[in-house]
Amino acid sequence: MRPTSIGVDTWAVDFVLLDEHDRLVTDAVTYRDPRTDGMMEKVFRYCRERSIIYERTGI
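The shown structure was predicted, so the numbers you read here are calculated from the model rather than taken from an experiment.

Novice: Looking at this structure, how should I read the packing of aromatic side chains?
Specialist: For any pair of aromatic rings, the description consists of the separation of the ring centres together with the inter-plane angle of the planes. Per the stated rule, a full pass over the model turns up zero aromatic pairs. Between the NZ or CZ atom of Arg50 and the centre of the ring of Phe44, over which it lies, the distance is 3.9 Å.

Novice: Looking at this structure, how should I read unusual backbone geometry?
Specialist: Generally, phi is negative for residues other than glycine and the peptide bonds are trans, each holding for most cases. At Asp22, a position not held by glycine, the phi torsion is positive, near 60 degrees. With respect to the helices and strands, Asp22 occurs in the segment before helix H1 (39–46). What makes Asp22 exposed here is its relative accessible area of 61%.

Novice: Could you clarify how one ought to interpret the side chain of Asp19 in this entry?
Specialist: Of note, Asp19 is situated in the segment before H1. Look at Asp19 and you get buried, because its relative accessible area is 13%. Within the structure, the side chain of Asp19 is placed 2.8 Å from the backbone nitrogen of His21, a separation counted as a polar contact. Not counting chain neighbours up to four residues away, the residues in contact with Asp19 comprise Met1 and Val25.

Novice: Sorry, what's going on with the pattern of salt bridges here?
Specialist: Side-chain pairing between opposite charges can occur once the charged atoms of the two side chains come close. For the structure on display, the rule yields two salt bridges. For the salt bridge of Arg23 with Asp19, the shortest nitrogen-to-oxygen distance reads 3.0 Å. Of the charged contacts, one joins Asp33 and Arg35 as a salt bridge, the two residues approaching to 3.2 Å between their closest N and O atoms. A residue is classified by how much of its surface remains accessible, and Asp33, at 15% relative accessible area, is buried.

Parameters at a glance
- Residues numbered from 1 in each chain as written.
- Predicted model: local features only at pLDDT ≥ 70, side-chain atom pairs only at ≥ 80, totals over all residues.
- Heavy atoms only, no water.
- Phe/Tyr/Trp six-rings, centres within 6.5 Å; stacked < 30°, edge-to-face > 60°.
- Lys NZ or Arg CZ within 6 Å of the ring centre and 35° of its normal.
- Helix = DSSP H or I, 4+ residues; strand = E, 2+ residues; numbered from the N terminus.
- Buried < 20%, exposed > 50% of the residue type's maximum accessible area, 1.4 Å probe, protein only.
- Polar contact = N/O pair within 3.5 Å; in protein donor to acceptor, adjacent residues only side chain to side chain.
- Contact = heavy atoms within 4.5 Å.
- Salt bridge = Lys/Arg side-chain N within 4 Å of Asp/Glu carboxyl O.

Laid out in structure tokens, this is it:
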């Protein structure tokens, strides 16, 4: 199933996925979710220039 739309709150750090009937598809995911631990280290293996990441993402 692919989402048909995406909603972003003003903080843009937490989200849930909804189906076409606005029912939860997954539990809420937050920026504190441990699944993302260590991800920036992996990103920097491929892109050592941190300014490029900021330029593309704003963070």
